[in-house]
Each structure stands twice: as structure tokens, then as C-alpha cells.
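Structure at a glance
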Amino acid sequence: MGQKRVRAKGGHAARWAKGQSSNSNPSKNKHRVAAKSRYFQYGTNSEGDVLGAGKLTAAALMRHDALLGNADTQSMDQDETLSLGMTKKTFDTFASDWTQCTNVAFDRLLKRFQLQNADHKEMLAVLAAITEVIKAQGGKETETEYFAALMSTLEVSNTVENLSAVVRLLSLVIKKVPKEVLIARYSQVCELLYNTISKHADSQNVPLLRGLLGCMSVVLRVQPPGVWSLPEVNKIFQCLLTYCTHTKPKIRKAGQHAVVAVVRGGEPAANGIHPAAAVAAQHCVSVIKNSGPSDNSILYMMVLLRDLLPALPKQLTKLCCEAILKLLTLGTHVIISTGFASLYGLFSERPNPSSLPPELNGQLISALYDYKPSVNDTGPIISWLAVVQEGLLNLNQQNKSLAQSHIHRFCVESVSCWTSARVEVIKSSGLALKAVLTECMDGIAKDLCTKVVEELSNGLKYQYHAAWTVVLGVLATLTEKVGGQHPTLVYPVLQQLSQLRASDNVNLSAEVDLVMGKAVSSMGPRRLLEAVPLNITGNETDYEFKTSWLIPVMRDNIKKTELAYFIEYFLPLAAKCLDRSKFCAQNNDLIGTKTYEVLTYQIWSLLPGFCISPTDLTSSFKNIARILGTQLSSRKEIRLDILTSLRHLISSNTEEGENRDELAKFAKNFLPILFNLYTSKPNGSEEAGQRLAALETIKLYLIISPKELLMTMFDKAMEKGNDAGVDLFTKDAVQDLLRCLLSYVSKDKIQLLYNNCLQKLSSKDHKEQKKTYKIIEEICKCNTDSSKQFMAENLADLQQLLISSLSKTSPSSQAPRLRCLISIISSLKEASHDFVYASIPESILCIRAVNKKARESAFVLLICVGEAVLRWEEDNKDQALRNYMNQVMVGLAGTPTLIHCTILGISRIYYQFKDIFPQDLIEQMLGNILLLLSSPSREVSGAGLSFIKVFITSTPVTVATKFLPNIVKALVEMPEDCKRHCRQKTKFLLERFCRKFGFDLVSNLVPKSDLTTQKRLKNIRKEVARRSRKLSDDGSGADEDDLGVKGRQKTMDELLADSSDEELDEPEQAATTAKSKKSRKGTWIQDGEEIVDLLSANAAQKITSTKPSKVREEDREKKKTRKDDFQISKDGKIIVTDKGDSDEEEKGNSRMMSDDEDEETFESLVNNKKRKISSEAGSMKSGRSNVSRVTDAKKYKPGGSGIHRKLDTPGSEYRSKKGQGDVKRKGKPDPFAYIPISHKTLNKRKGAKSKSVFANVVKAAKKGANKGSKYKVKEVKKMMDNMKV
């Protein structure tokens, strides 16, 4: 008998205990508990676990009101997008509603309240009680009232939790209290705060101490300078200073912030320095002097000085800087970096001379040279470079000449960093040099500049070859700053770079070109070619041209130079190269012909750069204008360069009166040439592009040309356009030129052109008709006085003309015609409803036009008509909009194509004017479109769905909810063919409905009989949930602050913290971390040929926190592993060995190494979620197995069955490692086709597959045999050819 039921796999069924078989209530009742927990109590189950939000929410009530049409849309914030599928976002949160507090000072607590946080609960209870008291006494909930109430509560607080909550609330509101109140009540407030913090000085409550320090800081910050002479004020400030060295990082940071806020945020004295600055500085110096080298208080004080130094008086600034410099001699990596950070804070803040005089600034810079770390000590040397850089920049702002006297020394020290083995150090030195050269080299004396250039040019020596990329970047900045002031000093550098670029072993062409480009921009091409000659004369015997690479560099960088140099040097050189090219062509020298021809083109390509704001336009342009005109007509290969040059001349001198007049003198010469170029028929794509460039040049030249000349040119163009003997192409070109001249001619000329266009509007030549409409469009768009007068006189005739010519319009003319209507309707000031309504049918039909510009213009015209109608009826916009929409919706009764266009037009209109659409008009419009969704036409259904998409997206949710049932009903009742065709659009709409209105509402609106739509809704819900889960997984993370502040990068004082709150909870982990940190710390002395003198000034450069031998050992290992390709015997013979097997072994080793580098880590397992660690024992086992995994992989060899079977295909051992095909192996059979015999081949069902295996083998053998025979034939032929030779 067969099996009658399916048994569960992998386990036994639950069994009753002995004697309990008759019990009808089993102990496992989790499903019953779950069902009971959801009955009349939606929020939690029987165990108290949260199951979800309750269904009776504010969003549900709002959704209900919106469905009934009773939603209050006026009270909604216009800038807030509401979603009925989730909780309403307002300021009435649970916390604010429970406390009834309306003061904005507590918004941080009320908005970020967390129910699980006990401190938040205590703070909320205190705030609610205080708010109730204030309201009971008739208060207005001002900051002063809350401050007074909290201070009174602070006196009577009897528990630490209550005290902490009061202090934290006080720290929130005290910042908003008027300073007059804090000054008047200073003694009482400070006494209470001081007594409180004294009682809890040994407390471990971090929020309490942080809040008290913040409150004391705010009170001290608002006190006037005269109060600081009182001892009680200094006592409070001294209390703040004592917490700057607290062991708790958060408390220490709060104390330092409080001190800095008082010193830098308080009211300064008459000398600009706060009275507390001296007290803070003396405290820091005393702590530093009384602390040992390993005491962390030194670090804490230097971190505090980083913010205090810019606000100290100059005597104390000098004292603190001396203390910091003494600490730099200790050689500890952390102390050195922190000391440099303190000095960096001083310089980067750009302090006043009262705090840091220029003389003291210079002394600090000079002193820092004695504390320069080793160039291989990455962290300290980078910090040192940054400090000296900022010191020079700050000194440059105060005393430029003094700063320039320090530049040479800084260059010397920075250049020495280029010998470092650390790439970061080389890059940092280059950045520091660039910053200093950019800011400090303006107006530098020649003798100082000479020293700087000589020092930086030493970077081109071979000892700095590893840093040449950085060196060339620095030289580019140097050339840019010095080239314009002292160009001769840069000549040697440019000559060295030219030689360097010519070297075959150096690949720095781009970097050298950058330096040369900066030289061209700063000192001009004349100076550059004096330093590095071009060495092109036109009489060369060879064609090497070693410095011809300068021509492209100059082409890209020439600007604002003398035009005369091009006329004197490059123009004759181009002529010589052209003559030499012709001479070589006569002598059949193809290489010479092409070479000199290319040189000619390259030289002419320099002209546009010379024409960008030339310095001698008035004196030089007249010498080249005639040549340009001649070459423009005769030589098409350089025509684009000349046209570009003319455009650059005009555009860069439009505002320069004298230069503009000089160019306008030659308009009578250039405009006829340009007109002839444009009206000439092009021969090929190259000339077509030159034609368009000529038109752009004409448009620019017309701006500066005399009016009389333009009138003459207009008349000649009109004559040529009306000439019957002129071909069609020329007439079209003349019409384009007339359109360009419209903005510069009188009203009579415009009238003449307009009369000429009237005859061509009904032309059957589509191109001519399009050109005519473009001319009318230009007339309508023109803003000149002449065109405005013409439009005022001929507006009625023009409107009638456009309406009457609609039937004769070709498809190519639709876009310019619609733009004409847009220009006319936009400029209409008086009401003209008949004209604008007559343009609506045309614009709607053009929505389906083939031309993209016509479609865009059709939508713009519809909006323009609506704006005009509303502009004419300001008092009754609702009725005007109704009349306009009635005219538009007439198209809904037409053909499917017309209905499609009309619906798309309505969508665009609704999107533009959605804020002012009346409610009844929305209902009428939406009802008609929903009715059309039942049409069997696909294009009508698609357009209707597009409108619904626009409607749902742009309409407020409370308004759209009212129409949701009708919309869903229309979607459900669509014909099946339209549903299938528009399934993507309907999916988008259903997903948007679910997201905006909630899944439950949409699902209830869909009939249960429509199973397809119900199934689609369920799938959409799953997809949206899956997407949200993915986003939550990717963006999950815990916040640091208890009030929800996002995590940020750690600051320096946090990195230097030696204790934290977590260390107390995890002592073992802290001990391990400390041990590893201790093992990494260390200081090394670099021993050279001489013994290091620790008492010398430069001893710090020999002490490093980075192990110096590491780099040398790495280099040594690289040298060891490097092998020559061939071995050499004792007698000098090269030994060639077959290293096929060794290559394979090396490849295997490299693969093994790459596998080790990509080894899985816990971070990768967590991020990629590849697997889950089941237990602690499993992770320990995997950790132990990792040690021997690599060695075991080498010993293991596959064999057997299952997972140990060999995966190699038969015959793979014969595969060649160097080429295709198989090779013979020693000790193995020949590599013929051996097919393994298996019992599966006897199976009749698999017989066809077995035959195909043999067939493929035979086929491959024939293919290889044919290939081998062809190869042998080739070899024989090659041998025969060699024998003939």
C-alpha cells in the first residue's frame, strides 16, 4: 500500500506526560496567548511585548474626516507634507502635551524625549510640576519665571536624581535668561551653584556636574569686567579651572568649554582682553610646571591652551608659548603633537596684535625651527609644517616684510622634507609651501626672491627624484607668483624643466606642462621663449623640433598679453612654415610637407589666446586686421581660429570704450566678409561648422557696429533676399541675417521686413515658412523701442494673421509659431479673450507633435494663456479659471487622440494652478477624467492615469482623500486590455496610494471580488516593507548623546582621554587596550656616522616616534625578493631555464597571499551578513582553526567522492601554461582524447548525451588538425621566402 499521509520530518511529535493523556488543556498554548493578547488590547500581548501602534490614532481620525470631506485644510502648515499612513507630525508631542510647557527653551527635551530613559522621565516630572506652579500663579511661562522656579527647586532637592534633573533643566533655560537678571542675582545664583558642586565634587554623576559647570559658565560670561576684581568671582572661576583636569572625559571637556566660553565669550576689558584670561593662563602654566612628563594634566592643559592662546595678553601668550616649547623637548609623540596643535590654534585664529605682536610671532617661528622633528616621523613633522605655515600666514597679515624675511628659511626646511621616506610628509611639505608662496610672495624684494627660487629649484636634483611630482607643483605656484614680478629669476628653472621633459627616463610631461603654463600666464609668451627658445625657423634639415611641445602649452594658457608679439614673431614664422610646406610638396617630401603644415596650424591656433583681453589692442589690431580679413576669406583651414579670435576680442572689450571703438572701426571690413561666409553654400561638414561660427561672430560684431552701417547692411540683405535670381539656400541664409539685424534697425525697416513676410506665411515650402515664423518670433521677442512701437501699431493685424494662417502651418513651423503666440500673449496688457481662447485648440493638438520643441512650447502656451486670463480678472480669479477650463475641457468630447492631448494639457494646467483651483472645478474635472478611464482606448487610459499621478502627487492629502474612493473605483473598473497595457502606471499609483493614505484604507476600497488587485496590493505592501527594512538596516546606528545627538568624529582631547565611563564597566578590556597602547609607544634615536648630541639644538630631529629601521628593512626585503629574469654563469653566459612549474608555484603562492589579505573579519561578517555565529564555542573553534588553515591548504589533496572529489576536468593536466592547446608531459601518456568510461553511458535514456560527447571530441580533433595543417603551410611558405632572399 502506498503512503496515505505526509509525516513531518526532522523530529518527533509532542507527547503527553504520564497520566495526562486525558487533559484537554495542554501546557503549550502560545497561540492562544497570542490570540487573547490581541482581543480588546491592541498594543501589547500577555507578556507586555509591544505589538504595534493602536488603530485609534490622530491619523485615523484625520483620515476619517478627509473621507467625509470635513478635513480642516486651513490649519495645516503649507510647508509640511502630511501622510495619513503614519502618525501626524506636529509640535504636540507626548512630552509637551503631558507637561503643558510652551517655552521653546525646553524643546530639546520635549522633541527628543525617550520613554526608556529614567533621567528623561525625572526631568519631565520636574518640568511638569514647575509648569503647573507657574500657571497656577498666573505666570506667562517666561524664561525668567522658569529660572527662578528651578533655582528655588534646586535648594530643596533631596535626591541625586531629582537634583540632576533640576540642574539639566536649569542648563537649558539659563541660556535664554536676560543678562540683567543674571547680573542682578549673581551672588545668590553663584553661591547656590558653588555649594551644590562642592557637595557633589566626588560624585560620579556626569550629567549633574556637566550641568552645574555649564550654568556657572553662563553666569560668569555675562558679568561686566569690573566685577572680576571681587574675590568671590575669582573663586567661582577657579572652581571651573579645577575641573579642566578631571579624570572623566565628559566632565573635563565641560570644564574646558566653560573656561573658554568665559574668556572668549565674555565682555572684554578696555584693552580687548577679558580679565579672566590672565587667571586661566597662570593656572595652565602652574599645572604644567608642577606636573611630571608622564602626567596627563600636561596634555589637558595644552588642549585648553589651544583655545585660550588667541585671547591672552601678549605677556602671557609669550609665557604659555615658552612653556609649550619646553614640553616639546620631552620627545613623546603625544605631547609633541598636542603642543603643535596648541600653537596651531594660536596662529590659525589670526589673533590681534595685542595678543600676538608681529615681533613675538616672528620669534615663535624662529624658535620652532629648533624643534623640527625627524622627516620620517610622520605625525609630528606634518604638525610642525602646519604650525609654521599658519604662523607665516598670520605674520603676513600683520607685517608683510617681516613674513617675507622668514620665507627662505621655511623653504630650506621644507625642501629637506622631500628626502623623507613617507609620502604623506612629502605631500604635506608641498601643500605648506604652496600656501605660503601664494599668500606671502606679493611684492617681495628681488634679493629675497632670488634665494627662494634657488632653494626651491634644488628640488629638481636627483636626490629628490621621488618627490618630483610634488616639487613641480610647488614650482608651478612659484612661477605663477614670481613670473610677473621678476621673470628673469625663473629662466634657469624653466630651462631645467625643458631639459627634464626631453629626458626619456622621466614621465612628468603633464607636471612640466603645468609649470610652463603658469609661466605663460604670468610673464607672457615673449619671456617664456626668451628662456626656452622654440628653435623653429623654417629652414631645419631634420624634423625633430624638440621644443615644439611648447606650442600646445602656450595655446591653452596665453591671455592678457601683447598682441604685437604675435604679429612680430609668430605671424612671419607661420608664413615661413607654410612656404616650407609648399616647397616640400614640390619636392615630394611628404613628411616635411605634413610636418610644416601642422606647425602652421598650431601657430595660428595661438591667435585666440593673444586676443583674450590684449594689452595693446588700440596700437596693434590695425596692423593685423587686414591680414585677418584676407586669411578669413582665402584659407578655410585656419578660419575657425580667426573667428574665435574675433569673438574673444569683442567679448573681452565690450566694456572698454577705447578698445570697443577701435574694433568698431573695422566693422565695415569684417561684416561683409562674414556675411559672404554665411551665405556661401558649404562643401562638407567642416565648412558647415565654419558657417555657424561665422553667424555667432556676426551676432557679436553687430553689438559694437555703428547704426548707419547696420542700416546699410539691412538694405543690402533685403535686396538680395528679394532678388529672383538668387538660389534658395542664399535666401534662407539672408533671412537668418535679417533676423539677427532686427534688434538694431528702425521701425520702418521692421515694417518693411514684416510686409515681406506676409507673403511667405502661406508658402508650401516648409523651410521658407519656418524661417518666416522665426522672423516674426524675433519681432515679437525684441525689447528695443523700435520693435515695441511696431508691435503697438500692428498687434491686431498680427493676431488676425496668426489665427487665419493656422490651417496652412506645416509641422516644422509649429514650434516658432507657438513661441510667437507666447510672446504676444505675455505682452498683452488689455483683455483679449477671443484671441487667447482661439490659441487653445492649437496648443492642445501640438502636445502630440513629433517635434520636442513644439511639445514644450504647447505646454508653455497653455500656462501663458491661464496667467493672462487671471491677470485680466484679478477680482474674480475663480470664475476666470472656470471659464478657461471650460474652454480646455471641450477637447474631452473629441477623438481618442484629442482626448489624450486634452488630458495631458489639463494635467499641466492643474499642476501650475493647483493652489487656486476651486473645489467644484476639481470635482468636475476629476469626474470627467475618471469617467474616461472606462474607455477601451489605450492612449486615453494612459493619459488619465498620468493625470491621476499628477493629482495625487501635487494635491494636499486631506483634499485628495475625499476623491480616493472614486479614483480606486475607476482603476478597478478599467477594461482588462487597458489594465494590462498600463500595469506599470497602475502599480505606481497603488504604491503611492498605500504610502500616502495607508494600506488598510486602500485595501478596503478595492472590492473583494477583484482578486487581482487585492493580490497586487499585498505584493506592494511586502515590497514596501522589504525596502523599509533594508533602509533601516543600512542606516541603523546608536546615538552617542542621551538626547539623540548624532555621532561625530572624535576630537583631540577625546583621543587623549585615558579614562571613560565604559572602562569602569569593562576593566579587563581596558587593561588589554592599555597594554596594547603601551606596547605601541616608544621613542627611537636615529644613529648615523656620528653620535647624537642630546644637548644640541637639532637633537629633536634625531628623535622619532616612528621606528626608523622599518623603512630600510622593508626596502631590504624587497631587494631580497627581487629576482633577475636570467641567471648568469661564472664565465658570463646567460642560463635560460624552463620555469613553467615554478611559475605555477609562484602563482599559487600569490593567490594564497591574496586570499590572506581578503581574509574574513568580524566587521566584514557583520556588514555583509554572510553568516551568523551560533555560539561562543563555535567562534573559538573557528579562531583556533584559522591559525593552521593556510598550512593545511598546502597539505590537502583532493581525492575520493563527495566534497573531496576532484573538480578538474579530464585532461586539464596537459593544458599549456603559455599558449593554447595541449602539450606532452614527461612520464605521462600522450595527450589524446581519453574519455572516462562510466556505467551511465549504458543507460538508454542517456545514450544521446554520450554520443554527443564522442562527437564533440571528434569535432575538436578535426578542428585542431586543420589549424595545425594551416600553420605548417604558413611555416613552409615563410621558409621558401627566406630561401629566395
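Above this text sits the structure in question.
Residues numbered from 1 in each chain as written. Predicted model: local features only at pLDDT ≥ 70, side-chain atom pairs only at ≥ 80, totals over all residues. Heavy atoms only, no water.

1. A closer look at the overall build of the protein chain
For the record, the criterion: For the purposes of this entry, the term helix denotes a DSSP run of H or I that reaches at least four residues, the term strand denotes a run of E that reaches at least two, and both are numbered from the N terminus. Only protein chains enter the accessibility calculation, which uses a 1.4 Å probe; a residue whose area is less than 20% of its type maximum is buried, one above 50% is exposed, and one in between is partly exposed. When checking whether two residues touch, look at their non-hydrogen atoms; a contact exists if any pair is within 4.5 Å. Residue-level accessible areas treat just the shown protein chains as cover; the underlying method is Shrake-Rupley with a 1.4 Å probe.
Looking only at helices and strands, the protein chain has 62 helices and four strands in total. Taken over 1285 residues, the protein chain has a buried fraction of 42%. Taking contacts inside the protein chain between residues at least 6 apart in sequence as the whole, the part at least 24 apart equals 69%. Accessible surface computed for the protein chain: about 73,600 Å², of which carbon and sulfur atoms make up 52%.

2. Examining empty space enclosed by the protein
Heads up, the rule is: Think of a 1 Å grid over the protein atoms and nothing else: a 1.4 Å probe that fits but is trapped marks a cavity, an open set flanked by protein within 12 Å on at least five of seven lines marks a pocket, and residues with an atom within 4 Å of a point count as lining. Grid points are joined across faces, edges and corners, and a volume is the space filled by probe spheres set on the points. When residue character is reported, Ala, Val, Leu, Ile, Met, Phe, Trp, Tyr, Cys and Pro are called nonpolar, Asp, Glu, Lys and Arg charged, and the others, Gly included, polar.
Overall, the coordinates contain two cavities of 30 Å³ or more when judged by the stated rule. Considered as a void within the structure, the largest cavity measures approximately 70 Å³ in volume. Forming the walls of the largest cavity are Ala-717, Met-718, Gly-721, Asn-722, Lys-731, Gln-735, Leu-738, Leu-753, Asn-756, Cys-757, Lys-760 and Ile-775. At the level of elements, α35 (707-722), α36 (728-741) and α37 (747-758) are the ones that each hand at least two residues to the lining of the largest cavity. Sort the elements by how many residues they give to the lining of the largest cavity and α35 lands first, with four residues. Of the residues belonging to the lining of the largest cavity, the class tally is six nonpolar, four polar and two charged.

3. A few points about unusual backbone geometry
You will see that Phe-545, though not glycine, has its phi angle at about 50°, which is positive. Position of Phe-545 among the secondary structure elements: in the loop between α25 (509-531) and α26 (550-557). Positive phi, close to 50°, is recorded for Ser-613, a residue that is not glycine. Here Ser-613 shows up in the loop between α29 (607-610) and α30 (617-634).

4. Quick notes on a positive patch on the surface
As a reminder of what qualifies: Patch membership requires over 30% relative accessible area and the absence of a salt bridge. Like charges are linked within 9 Å, and nonpolar side chains (Val, Leu, Ile, Met, Phe, Trp, Tyr) within 5 Å. By convention in these notes, a salt bridge is any Lys or Arg side-chain nitrogen within 4 Å of a carboxyl oxygen on Asp or Glu. The charge count includes Lys and Arg as positive and Asp and Glu as negative, but it does not include His or the ends of the chains. To locate a charge, take NZ of a lysine, CZ of an arginine, CG of an aspartate or CD of a glutamate.
Together, Lys-1008, Lys-1018, Lys-1022, Arg-1026 and Arg-1029 line one region of the surface with positive charge. Examined against the element boundaries, Arg-1026 turns out to sit in helix α53 (residues 1011-1034).

5. Topic: the packing of aromatic side chains
Filter applied, for reference: Only the six-membered ring of Trp is used, alongside the rings of Phe and Tyr, when aromatic pairs are assigned; centres must lie within 6.5 Å, and planes under 30 degrees apart are stacked while those over 60 apart are edge-to-face, with the rest tilted. Lysine and arginine charges are scored as sitting over a ring when NZ or CZ, respectively, is within 6 Å of the ring centre and within 35 degrees of the ring normal.
Applying the stated criterion to the full structure yields 24 aromatic pairs. The interplanar angle of 65° and the centroid separation of 5.0 Å between the aromatic rings of Phe-106 and Tyr-146 together place this pair among those described as edge-to-face. One end of the pair, Phe-106, is in the loop between α3 (94-99) and α4 (107-111); the other, Tyr-146, is in helix α6 (residues 143-156), with 40 residues separating them in the sequence. In terms of burial, Phe-106 and Tyr-146 fall into one category: buried. Each member of the aromatic cluster is reached from another via a ring pair, and the members are Tyr-565, Phe-566, Tyr-569, Phe-570, Trp-604 and Phe-610. One cation-aromatic arrangement involves Lys-235 over Tyr-194; the distance from NZ or CZ to the ring centre is 4.7 Å.

6. Here's the deal with the packing of helix α12 (residues 249-265) against helix α13 (residues 276-289)
For the record, the criterion: Interaxial angles span 0 to 180 degrees and are taken between N-to-C directions of axes, which are lines fitted to C-alpha atoms, for helices over the stretch in contact. Comment on the angle field: the value is read as roughly parallel under 35 degrees, roughly antiparallel over 145, roughly perpendicular from 65 to 115, and oblique elsewhere. Crossing handedness is defined as follows: a turn of the near helix away from the far one that is anticlockwise and smaller than a right angle gives a left-handed crossing, while the clockwise case is right-handed.
The interhelical angle for the contact between α12 and α13, taken along N-to-C directions, is 140°, at an axis separation of 9 Å. The angle between α12 and α13 places the two elements in the oblique class. Of the two possible hands of crossing, α12 and α13 adopt the one that is left-handed. For the pair α12 and α13, the contacting residues are Val-259, Val-262 and Val-263 in the first and Ala-276, Ala-277 and Ala-280 in the second. Looking at side-chain class alone, the contact of α12 with α13 contains six nonpolar, no polar and no charged residues.

7. Overview of the side chain of His-900
Within the secondary structure, His-900 is located in helix α45 (residues 896-913). In contact with His-900, not counting residues within four places along its chain, are Arg-848, Glu-939 and Ala-943.

8. Considering the pattern of salt bridges
Opposite charge on two side chains permits them to pair, given that their charged atoms come into close proximity. Within this structure, the stated rule accounts for 37 salt bridges. The shortest N-O distance in the salt bridge between Arg-409 and Glu-413 comes to 3.3 Å. Of this pair, Arg-409 and Glu-413 both sit in helix α20 (residues 407-416), four residues apart, roughly one helical turn. You can call Glu-413 buried: its relative accessible area is 11%. When the shortest N-O distance is used, the salt bridge between Arg-635 and Glu-637 registers 3.0 Å. Looking at Arg-635, the relative accessible area reads 12%, which means it is buried. Through salt bridges with shared partners, a single network forms among Lys-987, Glu-991, Arg-995, Glu-1023 and Arg-1027.

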